[in-house]
Amino acid sequence: MTRIGAIALAAMLGALVATPVHASTDEDSYLDAEITQAMIAASTIDLDARASTIDLNAADATIELEQTIEEREHRTVRLTSDLLFAFDSADLTEAARGAVADLAAGIPDGAAVSVDGHTDSIGDGAYNDDLSRRRADAVAAVLAEARPDLGLTVSGHGERELLVKEGDGDQAPNRRVEVGFDAPRR
């Protein structure tokens, strides 16, 4: 509850102070109770929204920011959208921009890079297509800024390539951006 909400609640309770509350337990007995100003003061608190938020540290996350999949000479780096973007947003956080720029540094010179956005199956399909494309575009923009030599192809797949089927538990793995490129094996 915000301070404004707490003040409104206190004002409503204050109005009750002037009117005793009667509860009928049977026809002959009444219970009188009075709400005092001290009771109102003791029941309200100030909330500071800034004190209730925490900074995200990818190293401490239970979900890793990225997962690398290597198949022969092709490498795909799967970035979890839950750590890159706020809910229903395609705006990268500053920490995410830094992580994507770091990823760009490890891509071979002049590589052809695919950037593919994906969503979960929650919501409208057309909306998910758009959101997945906007998220892929955001990642591609950082890659292009950090590495203008890369050839980028950007696609949004919406919910068409789920990693976890709907109803099979947590949908977080489906919300991702994948960056793929050919790289020699280490």
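The rules behind the values
Residues numbered from 1 in each chain as written. Predicted model: local features only at pLDDT ≥ 70, side-chain atom pairs only at ≥ 80, totals over all residues. Heavy atoms only, no water. Helix = DSSP H or I, 4+ residues; strand = E, 2+ residues; numbered from the N terminus. Buried < 20%, exposed > 50% of the residue type's maximum accessible area, 1.4 Å probe, protein only. Contact = heavy atoms within 4.5 Å. Areas by Shrake-Rupley, 256 points an atom, 1.4 Å probe, with all protein chains shown as cover. Salt bridge = Lys/Arg side-chain N within 4 Å of Asp/Glu carboxyl O. Lys, Arg positive; Asp, Glu negative; His and termini not counted. Polar contact = N/O pair within 3.5 Å; in protein donor to acceptor, adjacent residues only side chain to side chain. Core = buried A, V, L, I, M, F, W, Y, C linked by side-chain atoms within 4.5 Å. Pairing = 2+ DSSP bridges. Expected span 1.5 Å × (residues − 1).

**Observations regarding the overall build of the chain**
Here is step 1 of the chain: Each helix and strand in the chain was counted, giving five helices and seven strands.
Here is step 2 of the chain: Counting every position in the chain, which comprises 186 residues, the buried fraction comes to 31%.
Here is step 3 of the chain: Taking as baseline every contact in the chain between residues at least 6 positions apart, the subset at least 24 positions apart corresponds to 68%.
Here is step 4 of the chain: Accessible area for the chain stands at about 11900 Å²; split by element, carbon and sulfur atoms hold 54% of it.

**Focus on the pattern of salt bridges**
Here is step 1 of the chain: Summed over the entire model, instances satisfying the criterion amount to 10 salt bridges.
Here is step 2 of the chain: Notably, a salt bridge pairs Glu145 with Arg97, separated by 3.5 Å at the nearest N-O pair. One end of the pair, Glu145, is in helix α5 (residues 125-146); the other, Arg97, is in helix α4 (residues 94-105), with 48 residues separating them in the sequence.
Here is step 3 of the chain: Here Arg97 falls in the partly exposed class, since its relative accessible area comes to 29%.

**A short note on the side chain of Asp116**
Here is step 1 of the chain: Mapped onto the secondary structure, Asp116 falls in strand β5 (residues 112-118).
Here is step 2 of the chain: No salt bridge is formed by the buried Asp116, whose closest oppositely charged neighbour, Arg133, lies at an N-O distance of 8.4 Å.
Here is step 3 of the chain: A distance of 2.8 Å separates polar atoms of two side chains, one belonging to Asp116 and the other to His157.

**As for the nonpolar core**
Here is step 1 of the chain: Ranked by size, the top nonpolar core spans 25 residues in total, and within it Val113, Val115, Val139, Leu143 and Val179 carry the most contacts.
Here is step 2 of the chain: Contributing elements (two or more residues each) for this core: β4 (74-80), α4, β5, α5 and β7 (176-182).
Here is step 3 of the chain: Element by element, the count of residues in this core is highest for α5, at six residues.
Here is step 4 of the chain: Aside from chain neighbours lying at most four places away, what touches Val115 is Ala136, Val139, Ala140, Leu143, Leu152, Thr153, Val154, Ser155, Val177 and Glu178.

**So, the pairing of β4**
Here is step 1 of the chain: Across the seven residues that make up β4, a large majority, five, are buried.
Here is step 2 of the chain: In terms of strand pairing, β4 meets β7 through seven bridges, oriented antiparallel. Among the inter-strand pairings, Thr76 is bridged to a residue of β7, identified as Gly180.

**With respect to the pairing of β7**
On any regular strand, side chains alternate: one points to one face of the sheet, the next to the other face.
Here is step 1 of the chain: Along β7, six of the seven residues are buried, which leaves the element largely enclosed by surrounding structure.
Here is step 2 of the chain: Pairing analysis gives six bridges linking β5 to β7, with the strands arranged antiparallel. Of the residues in β7, the one forming a bridge with Val113 is Phe181.

**Digging into the environment of Ala95**
Here is step 1 of the chain: Relative to the elements of secondary structure, Ala95 occurs in helix α4.
Here is step 2 of the chain: Note on Ala95: relative accessible area 58%, which makes it exposed.
Here is step 3 of the chain: C-alpha of Ala95 to C-alpha of Leu84: the two residues are 11 residues apart in sequence and 8.0 Å apart in space.

**With respect to α5**
Residues separated by three or four positions in an α-helix point in the same direction, a consequence of the helix having 3.6 residues per turn.
Here is step 1 of the chain: For α5, spanning 22 residues, the distance from its first C-alpha to its last is 32 Å, which sits close to the expected 32 Å at 1.5 Å a residue.
Here is step 2 of the chain: Every buried residue of α5 is listed here: Asn128, Leu131, Ser132, Arg135, Ala136, Ala138, Val139, Ala140, Val142 and Leu143.
Here is step 3 of the chain: Buried-residue contacts for α5 involve β4, α3 (81-84), α4, β5, β6 (151-156) and β7.
Here is step 4 of the chain: Put simply, Asp124 is the residue that caps the front of α5, since its side-chain oxygen is 3.2 Å from the backbone nitrogen of Ala126.

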